[in-house]
Structures are given as C-alpha cells and as structure tokens.
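# Chains, contacts and geometry: an overview
Each chain, letter by letter, is given below.
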Amino acid sequence: MMKQTNVLSAHDLRHKKNIAWILKRYWQLYLLLLLPLVYLILFKYVPMLGIQIAFKKFKARDGIWGSQWVGLKNFDKFFNSYMFERVIGNTLRLSIYSLLAGFPLPIIFALMLNAMRSKHYRSFIENVAYMPHFISTVVMVGILMQVFDSRIGVFARLYTLFTGSKDVPSLFSSAAAFPHLYVWSGIWQGLGWDTVIYTAALAAVDLELHEAALIDGATRFQRLLHVDLPGIIPTITITLILRCGHIMGIGFDKVYLMQNNMNLKASEVIATYVYKQGLTGSSDYSYSTAISLFNSVINLALITLVNFVSRKVSDTSLW
C-alpha cells in the first residue's frame, strides 16, 4: 500500500513538472490566450450575476442584492401579456423563414463555385458575392429604403413601368412585406460569406474519390451529388445545429432600423420588445431581463435537442 502511494506521488510530481515545463516553454502563447480569457470572464461570466434581476423587482437605488425578490412574477407577467403571442410568433416566423430560405442557398452556391472550371471567373464571382457582407447594417437598411422608396426608388420606377400606375405601394409600411424584405435582403448580404466554410470543406474532399468516379464514368453533376455533397455533410450538420440554436435569437439592429408604426404588427420581435421594455418607456429592467432569460433558455433547449437528434441519426454532433 505504501509503495502504491509513493508511485502515485511520483506520477503526480512528474505531471506537475511537465505542466511547468510546457508553461515555461510556450509562455508567449499562453500570454496571447490571457486577453480573450479575461474578456470572457469579464463580459460573459461576471454579467451572469445580473440574471437574478429577472427574479426581483429591481430598483437602482437598492441595487441588485437589495431589490425585493418576487420569484417568477416577471415571467408570469410576460406569459400573460397580449404581446407574448405576437413577439414569439414574429420571432419564430422570421427565424424559420430565414432558415428554410437561407440555409440551403450557400451550400448550393458553394457547390456551383466548386464545379466551375475557370479559376478567374470563379474568383470574380466569389469577390462580388462576398462584398455585401462588409456593408454595415445601417447602410444596408438605408439602401433598402432608397431602393424600395415608393416615390423615387428603383422599385417605384419598375412598378410604374410594368403596370402603368403611379400609385406605388409602400413596402416598408406593409406588415405583410416586412418578412420578405428582412429575409431576402439578409440572404443577399450573407450568401457569399456563408459559402466560405463550405468552400473550405469542399477543398478537403479527397481527389481520389473524384478520380474513381471519373473511371466509373460519372458525369460532373453525378460527382457533385455523390462525392462533393456527401463530403461536406458533417459541416452542414454542425452548421445546422448552430443555426437551430439561434432560432429565437433574431438580431436587434436590422429589425429595429426597418421597424415603423405601420409594420409593427409583423416586426416586433423579442429583441426589440426587450429593448423597449428595458431602456425606453417604463424602463422595467426586471421584466426585460426575464424575457431575455426565457429566450436564452429556449435557445439552449433547442440546440440541445437538435444536437441529440443529430447524434442519434448520424455520427456528427457538437458534443
């Protein structure tokens, strides 16, 4: 028994020496790691203490710890609010619409680019497709407003040209048109950039598989379906899992900038509702925090569920 203890102690000592040697040998790398680590702690983990505001009636003069505990009252207020169905419905509608319309297109686009024979033509198309990604959200919405302006916009000119009518509908004031404007403008802006990960995955496909397919007489389209596409299925699966984890996480900036009193029925999502409840009007911090916490829990449940299904159906999952 004594010998076993000595052996374990010697092993632990040797392990500690190895760690000390690694830290000393690669201290520059660990020093570079220190900054993002501090960032994560300060801005991701420390703010988690503020989650308790969702269970309190927060007052600034009392602080987080001194405010009255109210339990699930803020959550109950949201669930019974007339805005609950609207903001949840709008958020799900925009997210699912974006997922169904926008998720397959980068995959198809990447496969098409990979099939091009001319490298110069392919490079030109890639650069043109990437450019919209670098347009800021504010500028993007400004472009949309100019293009779809009912008086002087390109849409107004085309509408008058094809219909002969000068009574052009205002799409930015239409609740029915808002989801289409939001989703397809986002697809146009992100299509090229979203293909980067699939292009990288296609570059890793074994060329010997293509050579074997050519020997068997496969056409280029058949190789695309039976070699390229199966080769990027793991990447597609991981990307889909991550996208499903953000179904309830519609971004704030673009929706808020496109929002107005006329399309509010279709454009009020969780992010904009939280902002208005927490930072404008009544400034109910506890209520807005409760909504945000509910949103985060749902996103966590969704990504866990999709990951579980993916692990059962295939061999690819996040964990």
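First, a word on scope: everything that follows refers to the structure included in this document. (Residues numbered from 1 in each chain as written. Predicted model: local features only at pLDDT ≥ 70, side-chain atom pairs only at ≥ 80, totals over all residues. Heavy atoms only, no water.)

In this section: helix α7 (residues 119-130). Over its 12 residues, α7 runs 16 Å from end to end, which matches the ideal 16 Å to within 8%, given 1.5 Å per residue. Regarding α7, the residues found buried are I125, E126, A129 and Y130. Projected onto a plane normal to the axis of α7, the buried residues spread over an arc of 130° and lie on a single side. Opposite the buried face of α7, by more than 90 degrees, sit the exposed residues H120, Y121 and F124. In the core, the buried residues of α7 are packed alongside α6 (104-115) and α10 (178-203). A side-chain oxygen of the first residue of α7 lies 3.3 Å from the backbone nitrogen of Y121; this N-cap is S118. (Helix = DSSP H or I, 4+ residues; strand = E, 2+ residues; numbered from the N terminus. Expected span 1.5 Å × (residues − 1). Buried < 20%, exposed > 50% of the residue type's maximum accessible area, 1.4 Å probe, protein only. Arc of directions from axis to C-beta. Contact = heavy atoms within 4.5 Å. Polar contact = N/O pair within 3.5 Å; in protein donor to acceptor, adjacent residues only side chain to side chain.)

Here the focus is helix α5 (residues 83-102). Helix length check: α5 (20 residues) gives 28 Å between terminal C-alpha atoms against 28 Å at 1.5 Å per residue, within 8%. Those residues of α5 not exposed but buried are M83, V87, I88, N90, T91, L94, S95, S98, L99, A101 and G102.

Our focus in this paragraph is the side chain of T235. As for its placement among the helices and strands, T235 is situated in helix α13 (residues 233-244). Taking relative accessible area as the criterion, T235 reaches 18% and is therefore assigned buried. Among residues more than four places away in sequence, those in contact with T235 are I197, Y198 and A201.

A few words on the packing of aromatic side chains. For the structure on display, the rule yields 22 aromatic pairs. When the ring of F79 is compared with that of F294, the centres are 5.3 Å apart and the planes differ by 70°; the resulting orientation is edge-to-face. A residue pair is termed long-range when its members are at least 10 positions apart, and F79 in helix α4 (residues 73-79) and F294 in helix α17 (residues 285-313) qualify at 215 residues. An aromatic cluster of three or more residues is present, and its members are F78, F79, F84, Y273, Y287 and F294. Over the ring of Y287 we find K77; its NZ or CZ atom is 4.5 Å from the centre of that ring. The ring of Y182 is capped by K254, whose NZ or CZ atom sits 5.0 Å from the centre of that ring. (Phe/Tyr/Trp six-rings, centres within 6.5 Å; stacked < 30°, edge-to-face > 60°. Lys NZ or Arg CZ within 6 Å of the ring centre and 35° of its normal.)

Turning our eyes to something else, we now look at the nonpolar core. Counting 18 residues, the largest nonpolar core has L94, F178, Y182, I250, V255 and M258 as its most contacted members. Elements with a contribution of two residues or more to this core: α5, α8 (137-147), α10 and α14 (253-258). When residues of this core are assigned to their parent elements, the largest contribution, 5 residues, is made by α10. The contacts of I250, once residues within four sequence positions are left out, are T91, L94, S95, Y182, V255, V269 and A271. (Core = buried A, V, L, I, M, F, W, Y, C linked by side-chain atoms within 4.5 Å.)

Within the secondary structure, E211 sits in helix α11 (residues 207-215). Taking relative accessible area as the criterion, E211 reaches 47% and is therefore assigned partly exposed. Remark: the alpha-carbon pair of E211 and K77, spanning 134 residues in sequence, is separated by 63 Å.

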